[in-house]
Amino acid sequence: MVNSMTYYGLSWNTSNLGGNDYVNFVIAGAVELPAYTFLLLTLNRWGRKSILCGCMVTAGVALLLTMAVPQAHPWMTVTLAMIGKLAITASYGTVYIFSTEQFPTVIRNAGLGAGSMCARIGSISAPLINLSNEVWKPFPLIIFGILSLLAGCLSLLLPETLNQKLPATIADCETFGSPMTVIEEEKQLKCDDDLERNDKIKL
């Protein structure tokens, strides 16, 4: 929900950043190219959790820093907002993969559907949050920043799914990511390797 809210909120808030509205809109679209390129290069190397958390925290910090920007320097606000847009775009690309892998196979489609429904609640509320700029111009960016920072920190509670055996049943999901499960999987992999090595020696 926070990913979708922040992503669409920043996309629709370009006219409130200051400077040229058309240039801001073009930059907001252009930052998605390096964001997805970054994911292609790192998602299967660094892990889902670290990228999701890192990108959301980066977006939150960048958006909160807009509070400290003087009104005489709107380009600084635009720069920070675009850093936030780049980071939240990368986390948005990660969250669908990461959240899908959290659910066991038996309810994976339903879990993804429920998560997507919550995302739509966030995108629906984004334009309403943008209207708060009438009270204080940086207010929407501050709301998005606080929520992104909080959600990024909470994502650390989720288990890493990269190179892990995904849960097939709800019972598997209850122990997924626990230290004992990881140790047992490592032992099983080592045992399988030993059996394969012995088979090759016999041949």
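One can find the structure itself at the top, above this paragraph.
Residues numbered from 1 in each chain as written. Predicted model: local features only at pLDDT ≥ 70, side-chain atom pairs only at ≥ 80, totals over all residues. Heavy atoms only, no water.

Visitor: How should helix α7 (residues 139-154) be read in this particular structure?
Guide: One turn of an α-helix holds 3.6 residues; hence residues three or four places apart share an orientation. With 16 residues, α7 extends 23 Å between its outermost C-alpha atoms, agreeing within 8% with the 22 Å of an ideal straight helix rising 1.5 Å per residue. Residues P140, L141, I142, F144, G145, S148 and G152 constitute the buried set of α7. The secondary structure elements touched by the buried residues of α7 are α1 (2-12), α4 (48-64), α5 (74-102) and α6 (108-130). (Helix = DSSP H or I, 4+ residues; strand = E, 2+ residues; numbered from the N terminus. Expected span 1.5 Å × (residues − 1). Buried < 20%, exposed > 50% of the residue type's maximum accessible area, 1.4 Å probe, protein only. Contact = heavy atoms within 4.5 Å.)

Visitor: How should I be thinking about α5 in this particular structure?
Guide: Along its 29 residues, α5 runs 41 Å from first to last C-alpha, staying within 8% of the 42 Å computed at 1.5 Å per residue. Along its length, α5 shows its largest kink, about 30°, at V95. (Bend = angle between axes of the 7 residues up to and from the residue.)

Visitor: What's the story with the environment of I121 in this structure? I'm lost.
Guide: Within the fold, I121 resides in helix α6. Sequence-wise, I121 and M5 are 116 residues apart; in three dimensions their C-alpha atoms are separated by 7.9 Å.

Visitor: What is the right way to read the nonpolar core from this model?
Guide: General note: in soluble globular proteins, nonpolar side chains tend to be found buried as a group. Formed by 21 residues in total, the largest nonpolar core has its most connected members in L10, L17, M82, I88 and F144. Elements supplying a minimum of two residues to this core: α1, α4, α5 and α7. In terms of residue count, α5 provides more of this core than any other element does, 7 residues in total. In this structure, M82 is in contact with L17, N24, I27, A28 and V31, ignoring residues within four places of it in sequence. The next biggest cluster of nonpolar side chains, apart from the first, holds 6 residues, and it includes A35, L39, C55 and A90. (Core = buried A, V, L, I, M, F, W, Y, C linked by side-chain atoms within 4.5 Å.)

Visitor: Can you help me understand a nonpolar patch on the surface in this one?
Guide: Together, M67, V135, W136 and F139 line one region of the surface with nonpolar side chains, adding up to about 420 Å² of accessible area. Within the element layout of this structure, M67 appears in the loop between α4 and α5. (Patch = residues over 30% accessible without salt bridge, like charges linked within 9 Å, V, L, I, M, F, W, Y side chains within 5 Å. Areas by Shrake-Rupley, 256 points an atom, 1.4 Å probe, with all protein chains shown as cover. Salt bridge = Lys/Arg side-chain N within 4 Å of Asp/Glu carboxyl O.)

Visitor: Help me understand the packing of aromatic side chains, please; the structure alone is not making it clear to me.
Guide: The geometry of an aromatic ring pair is captured by the separation of the ring centres together with the interplanar angle, meaning the angle of the planes. For the coordinates displayed, the defined rule picks out 5 aromatic pairs. On the numbers, 5.2 Å between centres and 70° between planes, the contact of Y7 with Y92 is edge-to-face. Separated by 85 residues along the polypeptide, Y7 in helix α1 and Y92 in helix α5 bring together distant segments of the chain. On the basis of an interplanar angle of 35° and a centroid distance of 5.3 Å, the ring pair of Y8 and W12 is categorised as tilted. Placement of the pair is Y8 and W12 together in helix α1, with a separation of 4 residues, close to one helical turn. The exposure class assigned to Y8 is partly exposed, which follows from its relative accessible area of 27%. According to the relative accessible area criterion, W12 is partly exposed, its value standing at 46%. (Phe/Tyr/Trp six-rings, centres within 6.5 Å; stacked < 30°, edge-to-face > 60°.)

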